[in-house]
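The lines below spell out each chain.
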Amino acid sequence: MVEAVLFDMGGVIVSGPWEGFAAYERENGLPEGLIRRINSTDSDSNAWARMERGEIGLEGFAEAFEAEAEGLGYRVDGMAVLNGLGGELLPSMAEAVRRCSERLKTGLLTNNYSPMGSSKRSAELAEVLGWFDVVIESSVVGVRKPDPVFYSMACDALGVKPSACVFLDDLGVNLKPARAMGMTTIKVVDPDEALVELEAAVGFSLRG
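What counts and how
Residues numbered from 1 in each chain as written. Predicted model: local features only at pLDDT ≥ 70, side-chain atom pairs only at ≥ 80, totals over all residues. Heavy atoms only, no water. Pairing = 2+ DSSP bridges. Helix = DSSP H or I, 4+ residues; strand = E, 2+ residues; numbered from the N terminus. Axes fitted to C-alpha atoms, helices over the stretch in contact; angles between N-to-C directions. Phe/Tyr/Trp six-rings, centres within 6.5 Å; stacked < 30°, edge-to-face > 60°. Buried < 20%, exposed > 50% of the residue type's maximum accessible area, 1.4 Å probe, protein only. Lys NZ or Arg CZ within 6 Å of the ring centre and 35° of its normal.

This part is about the sheet that holds strand β2 (residues 105-110). Sheet architecture is open: five strands sit in the order β3-β2-β1-β4-β5, paired in parallel fashion. Strands at the two margins of the open sheet, each flanked by one partner only, are β3 (134-137) and β5 (184-187). Between one strand axis and the next, the sheet turns by 15° as a mean value, whatever way the strands run. As defined by bridge partners, strand β1 (residues 4-7) adjoins β2 across four bridges and the pair is classed as parallel. By the bridge assignment for β2, Val5 is matched with Thr106.

Quick look at the structure:
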């Protein structure tokens, strides 16, 4: 029986960073997918991972990220990559969070590089964040997905077992450990399709 629903942020509740990455690559004549390639190389110890765990600041990230790109034969401006990140709120997912919060425990599990309390955000997004019982941020706790400890933190904070949770993320690598712990997992590629799966899991309507 589902007691809690856990949501990723980027790529689930707001649009993911991929469009920003692609735009930077196009504008600077870089190969398509280069930034994702850099981020997937030594994915637990590279500049992006260390930044999301709060081990290095933005300037340290930029320097390390640029060195990683140079190691692959490319020149990349690390701060420009970060500045190109955005994320538009996805209304259908926001509504799903609201409805889940009325009946179930809810948690936000996000890999980020800046604590949400220190960043400016729209009134709409602030309202959505207020619907969560628990917010677990990698930059705050010093652990990031896909480390199983990250998911355990959420379960402990909500007082639920993994088997009582549904977790939505746009990256399969983040879903794998959650599934191994016993969670029901949903990969978000198309939000509408993901919501159909979530409705089946929780047993009530999340749309319309």
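Below, the discussion takes up the packing of aromatic side chains. Throughout the structure, instances matching the rule amount to eight aromatic pairs. Ring geometry for Trp18 against Phe21: centres 5.9 Å apart, planes inclined by 70°, an arrangement best described as edge-to-face. Taken together, the residues Trp18 and Phe21, both in helix α1 (residues 18-27) and three residues apart, mark about one turn of the helix. We classify Trp18 as partly exposed; its relative accessible area is 29%. Relative accessible area serves as the criterion here: at 3%, Phe21 is assigned to the buried category. Aromatic rings pair up to connect Trp18, Phe21, Trp48, Phe61 and Phe65 into one cluster. Across from the ring centre of Trp18, 3.9 Å away, lies the NZ or CZ of Arg36, which sits over that ring. When the ring centre of Phe204 is taken as reference, the NZ or CZ atom of Arg103 above it lies at 4.4 Å.

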